[in-house]
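The primary structure of each chain is shown beneath.
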Amino acid sequence: MLFDFAAIPPREQYKLLVSTVTPRPIAWIVSQNKDGQLNAAPFSFFNVFSGDPPVVGIGISSHEPGRPKDTRRNIRDTREFVVNLVSEENAKAMNVTAIEFEPSVNEIEQAQLETIRSVHVKPPRIAASPVSMECTLLQIVNLGPDNALVLGRVLAMHVRDNLVLDPAKNYIDTPNLHLIGRMHGTGWYARTSDLFEMPRIPRANWTLREEKTASRG
Ligand SMILES: Cc1cc2nc3c(=O)[nH]c(=O)nc-3n(C[C@H](O)[C@H](O)[C@H](O)COP(=O)(O)O)c2cc1C
């Protein structure tokens, strides 16, 4: 079935995108406003976009037209944030921090989360999260009146000690991070426990195409 976005209202376009582009990793972002008020919220329009420089991107909308989410406003004003990744264990607390609280509410207190001081930036990281990235703002790309892509440069990554397999080689025990991804609708998530392995094929091992071409000729 064709869904032509020219004929579909924005809300329906959003539904089509979020119910197909799945699973999406979740950035559980801690930020602070200019007065130091702490804020935490999850964002699944999130991924990593470059290794050099190390860049993450987050799509952040508005609570209502003209009222950007606190996270976007804080990052714009203070240029610093921490992206915490979300494990199965963190799921319930993450969901509490997604409640559309008024700006004065500290979601970290509401979810009874412990934080740990960051090394390079003012916002702290979430202690219960297996991986946290300290970031500075690189650029905010305004995508529309109420949507922006926030690009951040990763200054440092914290990984829980027992999840580092070989610190010399930077090998991480990825399956044991037990990260979750966001699926369709507002309440569906995926675990990252159903894995399969498929090694890359070296160019020298790929002969099928040549054989076919040769047999045709
Ligand atoms: C799993 C999950 C993923 C979310 N992803 C996004 C997202 O990518 N972009 C967005 O604007 N809001 C997203 N939200 C909604 C925000 O977390 C929510 O609006 C939150 O209240 C924003 O908080 P803030 O105003 O403190 O920044 C998501 C919510 C959940 C539960």
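Keep in mind that this is a model prediction, so the values were computed, not measured.

Participant: Help me understand the site of the ligand, please; the structure alone is not making it clear to me.
Facilitator: By nearness alone, 19 residues border the ligand, and Pro42, Ser44, Phe45, His63 and Thr71 come closest of all. Within the side chain of asparagine 39, one N or O atom sits 2.9 Å away from an oxygen atom of the ligand. A distance of 2.8 Å separates an oxygen atom of the ligand from a polar atom in the backbone of phenylalanine 45. Relative to its free-state accessible area of 650 Å², the ligand is covered by the protein chains to the extent of 93%. Structurally, the ligand is housed in the largest pocket. Of all the secondary-structure elements, those providing two or more residues to the shell around the ligand are strand 3 (38–43), strand 5 (54–60) and helix 2 (70–78).

Participant: Would you mind going over the sheet that holds strand 16 (residues 189–191) with me for this structure?
Facilitator: Two pairing modes exist for strands in a sheet, parallel and antiparallel, and in both the strands are linked by backbone hydrogen bonds. With antiparallel pairing, three strands are arranged side by side in an open sheet as 1-15-16. Whereas interior strands pair on both sides, the edge strands pair on one side only; in this sheet they are strand 1 (24–25) and strand 16.

Participant: Before we go on, may I ask you to explain the pairing of strand 12 (residues 147–159) in this structure?
Facilitator: A regular strand places its side chains so that they alternate between the two faces of the sheet. With six bridges connecting them, strand 5 and strand 12 associate as antiparallel partners. Counted as the bridge partner of valine 56 is glycine 152 from strand 12. As paired strands, strand 11 (residues 131–144) and strand 12 are joined by twelve bridges and run antiparallel to one another. Bridged to methionine 133 within strand 12 is methionine 157. Linking strand 11 back to strand 12 in an antiparallel pair, the connection comprises two residues.

Here is what the cut-offs are and how they apply
Residues numbered from 1 in each chain as written. Predicted model: local features only at pLDDT ≥ 70, side-chain atom pairs only at ≥ 80, totals over all residues. Heavy atoms only, no water. Near = heavy atom within 4 Å. Polar contact = N/O pair within 3.5 Å; in protein donor to acceptor, adjacent residues only side chain to side chain. Areas by Shrake-Rupley, 256 points an atom, 1.4 Å probe, with all protein chains shown as cover. 1 Å grid on protein atoms, 1.4 Å probe; cavity = no way out; pocket = protein on both sides within 12 Å on 5 of 7 lines; lining within 4 Å. Sits in = over half its atoms within 2 Å of the grid points. Helix = DSSP H or I, 4+ residues; strand = E, 2+ residues; numbered from the N terminus. Pairing = 2+ DSSP bridges.

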